[in-house]
Amino acid sequence: MSDKRKKRMRGPLAREAQIYGWLFVSPMVLGFTLLLLFPMGLALYMSFTDWPLLGSHSYIGIDNYRDIMGDSLFWQVLGNTVYFTVGLVPLNIVLALLLALLLSRSMRGIGLFRTAIFVPVMTSLVVWSIVWKYMFATDSGLINQLLAVFNINGPAWLYDTKLAMPAVIVTSVLKNVGLNMVLFIAALQQVPASLYEAAKLDGASRTKSFFNVTLPMITPTIFLTVVMTVIGSLKVFGQIFVMTQGGPSNSTKVLVYYIWEKAFKLFQLGYASSLAFVLFFVVLVLTLVQWQLRKRWVFNESDA
Amino acid sequence: MKATHNGSLRKSLGTAGTYTVLGLISLVMMVPFLWMISTSFKEPQQVFKYPPQLIPSTFRFQNYAEVFDRIPFQWFYFNSVYIAALVVGGTVLFASLAGYAFARIPFAGRNAVFLILLSAMMIPHEVTAIPMFLFMREIGWIDTHLPLILLPIFGAGGVFGIFVMRQFFITVPKELEEAAMIDGCSRLRIYGQIMLPIAKPGLATLTIFTFVTNWNEFFDPLIFINTRSLMTLPLGLSLFTDEVGTAWHHLMSATVMATVPLLIIFFLAQRQFIEGVAMTGLKE
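The structure displayed is predicted, hence computed values, not measured ones. (Residues numbered from 1 in each chain as written. Chains lettered and ligands numbered in written order. Predicted model: local features only at pLDDT ≥ 70, side-chain atom pairs only at ≥ 80, totals over all residues.)

Here we take up the domain arrangement of chain B. Residue and element names in this part refer to chain B. In terms of domains, chain B is made up of domain 1 (2-64) and domain 2 (71-283). One C-alpha centre belongs to domain 1, the other to domain 2, and the line joining them spans 34 Å. Contacts between the two partners involve nine residues from domain 1, matched on the other side by eight residues from domain 2. Looking at the side of domain 1 that touches domain 2, the elements with two or more residues in it are α1 (2-40), α2 (44-47) and α3 (62-70). For the side of domain 1 that touches domain 2, the element with the most residues is α1, which contributes four residues. Within the side of domain 1 that touches domain 2, the residues separate by chemical class into five nonpolar, three polar and one charged. (Domains from an automatic or database assignment. Contact = placed C-beta atoms within 7 Å. Helix = DSSP H or I, 4+ residues; strand = E, 2+ residues; numbered from the N terminus. Nonpolar A, V, L, I, M, F, W, Y, C, P; charged D, E, K, R; others polar.)

Before going further, it helps to spend a moment on the UniProt feature "transmembrane region" (unreviewed entry) in chain B. Residue and element names in this part refer to chain B. When the UniProt feature table is mapped to this numbering, "transmembrane region" (unreviewed entry) covers residues 12-37, 81-102, 114-136, 148-169, 190-212 and 247-269. Here residues 81-102 runs as 100% helix and 0% strand, with 31 Å between its end C-alpha atoms. Span residues 148-169 is 95% helix and 0% strand, its end C-alpha atoms 29 Å apart. (UniProt positions renumbered as here; feature names shortened; annotations may be inferred.)

Once that is clear, we can look at helix α8 (residues 156-170) of chain B. In this model α8 of chain B runs 21 Å from its N-terminal to its C-terminal C-alpha over 15 residues, within 8% of the 21 Å that 1.5 Å per residue would give. Within α8 of chain B, 13 of the 15 residues are buried, which leaves the element mostly enclosed by the surrounding structure. (Expected span 1.5 Å × (residues − 1). Buried ≥ 20, exposed ≤ 12 C-beta atoms within 10 Å, placed from the backbone.)

Here the focus is the environment of Ser58 of chain A. Residue placement: Ser58 of chain A occurs in strand β2 (residues 58-59). For the pair Ser58 of chain A and Ser209 of chain A, spaced 151 residues apart in the sequence, the C-alpha separation amounts to 63 Å.

This brings us to the UniProt feature "transmembrane region" (unreviewed entry) in chain A. Residue and element names in this part refer to chain A. If you check UniProt for "transmembrane region" (unreviewed entry), the listed places come out as residues 21-48, 82-103, 115-135, 163-188, 209-234 and 269-289 in our numbering. Across residues 115-135 one finds 90% helix and 0% strand; the C-alpha atoms that close the span lie 22 Å apart. With 100% helix and 0% strand, residues 269-289 has end C-alpha atoms that lie 30 Å from one another.

Let us now look at the packing of helix α4 (residues 73-104) of chain B against helix α11 (residues 200-215) of chain B. Residues and elements named next belong to chain B. At a minimum axis distance of 9 Å, the contact between α4 and α11 shows a crossing angle of 140 degrees. Taken together, the axis directions place α4 and α11 in an arrangement best described as oblique. In terms of crossing hand, the pair formed by α4 and α11 is right-handed. Counted together, Ser80, Ile83, Ala84, Val87, Val88, Thr91, Val92, Ala95 and Ser96 of α4 and Leu203, Leu206, Thr207, Thr210, Phe211, Asn214 and Trp215 of α11 form the full contact between these two elements. By residue class, the composition of the contact of α4 with α11 is ten nonpolar, six polar and no charged. (Axes fitted to C-alpha atoms, helices over the stretch in contact; angles between N-to-C directions. Parallel < 35°, antiparallel > 145°, perpendicular 65-115°, else oblique. Left-handed = near helix turned anticlockwise from the far one by under 90°.)

Glancing now at the domain arrangement of chain A. Assigned domains within chain A: domain 1 (2-46) and domain 2 (64-303). Look at where the C-alpha atoms of domain 1 of chain A and domain 2 of chain A centre, and you get two points 37 Å apart.

The following block contains the structure:
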């Protein structure tokens, strides 16, 4: 029976599989080639050109990349992007993990808290940023008004070169912490209860069983979440656009904002493409590291 | 006796601590929304009044009406809704078709094509946006909704949809299909009448994920749209922010209108939403 079936698969059924297989994937493959693969190739070429919006473009080799290396604003922008990432990621991960641990306890009304913390994830980034721009407003903002209750004269948060970036970071953490929290809750549920029971039998305290059972078990999730959050942070744009427009005096100008400005405000399309490839390169390296480590973990898991 | 007493005391202290921490953080999350709603009803001069009032002394409902005088808010809304609907429809259709083929139809080059699609997911959108802008300008699609509809369907979002649907279809028992094939069912019918109905949970998750992503999309509209009445909510609101200056009462009325309907839907279908959005965990 099964032999017969196999034989039939090689005949007209096999040809049918070729036709329908390609037919079913063709819309996606066509669209993908036209709207992603082709522009990707063109972007690479553009990064080696001087390409104005109007008039003709010229091939200039690696000049753009050389210019980037000597562009002091680029280094400042890169520094700001790293600052944002380094400021956001640990805060986000630690808070998300803490919340996930608290929310996985079975207590009355726990669902309500989970909802409250997840609502910002559902809110549009632009709306969330607008509302927080208002919260941080110098005279009418709630934060300074609350500070005034304690006779503290609140600063001009978003107009201070030292405070603007921390304000944006806090806004972003609050926006997205719920997402990582949900991922951590899912990971915590995967930890077998028998491990906790064994730890308890061995007389491990709660702190001890957290560090020796929980943490090792959810390390893969933590790592994936960190990489994902880092990549997301390197691409930060919306909140900067709404809250500070890269200011004051470039103190919050990040990589994607700089790319956008170069491409769509100053129309230096070649230079902007090279900047975009710098971003791509960083993301690529991070992704490869992630794949490599994921493979190793999978191996370790099957080993154990 | 004493030990258990101590234990329960510590336990209730722990519970109290948990409630305190969760309560505080939830408060920080909720206050911006309450403050937004409160301000949306305030008189302009009340906005700057000290000490802050959560419940305004008088409610000024015309703040909402005045938003419509200043910006074509209804068009922002309409554009956002219909673009998101088309993107969701297109993504679900094409991604499930391709996902089914990648999972179940053994055609030549299947694995290679799938791998190329997957690895393209890590291309940052900002890289392709620049040539896309030139391309759209060339064919006269700048300041139309076409790029906003087509790019997400066939970009990283669509590829992610294929991945999700493929994972789903792989788990469906093969016997179902084989029986249908022996009965002479065509592939199209197997896909439409057997596989799709089984995949409903996967489709629901993909729908929500795609909708939320698209509803919040900001970069593309910023690049491709210039005309006010063609803007989506995020773009329209962000430009409105620049214009109103400190007219926070108007801005907050607008953000309330932009947020509340989606939040109501969220409260109704919370579980699916959380699952759908948590799928981003798989995406990168």
